[in-house]
Amino acid sequence: MKTLNVIALTLLIVGGLNWLLVGLFRFDLVAAIFGGQDAALSRIVYVIVGICAIYAIKFYNDVSEGERAR
């Protein structure tokens, strides 16, 4: 499970950095690497990052448990 958490967190960081580039410079790194926003590979990456975001919702439970321990 720890490996899945690390993968999800890594992909969320990559996705967040991509959105930072989009917001600041109007540059979509994923689209640039995989052939545009409509390219199949780009869409797959976007979907995987989105699934990781849904999976990461469970991290709130870990954070709230840490707060209760204090």
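Residues numbered from 1 in each chain as written. Predicted model: local features only at pLDDT ≥ 70, side-chain atom pairs only at ≥ 80, totals over all residues. Heavy atoms only, no water.

- An unreviewed UniProt entry lists the protein chain under the name DUF378 domain-containing protein, with Paenibacillus haidiansis given as the organism.

1. Topic: the side chain of Ser-42
Line of reasoning, step 1. Structurally, the position occupied by Ser-42 is in helix H3 (residues 40–56).
Line of reasoning, step 2. Note on Ser-42: relative accessible area 0%, which makes it buried.
Line of reasoning, step 3. Here the side chain of Ser-42 touches Gly-36 through a polar contact of 2.8 Å, landing on its backbone oxygen.
Line of reasoning, step 4. If we skip the residues at most four places from it in the chain, Ser-42 touches Val-30, Ala-31, Phe-34, Gly-35, Gly-36 and Gln-37. (Helix = DSSP H or I, 4+ residues; strand = E, 2+ residues; numbered from the N terminus. Buried < 20%, exposed > 50% of the residue type's maximum accessible area, 1.4 Å probe, protein only. Polar contact = N/O pair within 3.5 Å; in protein donor to acceptor, adjacent residues only side chain to side chain. Contact = heavy atoms within 4.5 Å.)

2. What about unusual backbone geometry?
Line of reasoning, step 1. Phi at Arg-26 takes a positive value of approximately 55°, unusual for a residue other than glycine.
Line of reasoning, step 2. When you line up the elements, Arg-26 lands in the loop between helix H1 (2–25) and helix H2 (29–34).
Line of reasoning, step 3. Taking the relative accessible area as the measure of exposure, Arg-26 reaches 79% and is therefore exposed.

3. Observations concerning H1
Line of reasoning, step 1. With 24 residues, H1 extends 34 Å from end C-alpha to end C-alpha; this agrees with the ideal 34 Å at 1.5 Å per step.
Line of reasoning, step 2. Taken as a whole, H1 has its buried residues at Asn-5, Ala-8, Gly-15 and Asn-18.
Line of reasoning, step 3. A positive backbone phi angle near 55° is found at Arg-26, which sits one or two residues after H1. (Expected span 1.5 Å × (residues − 1).)

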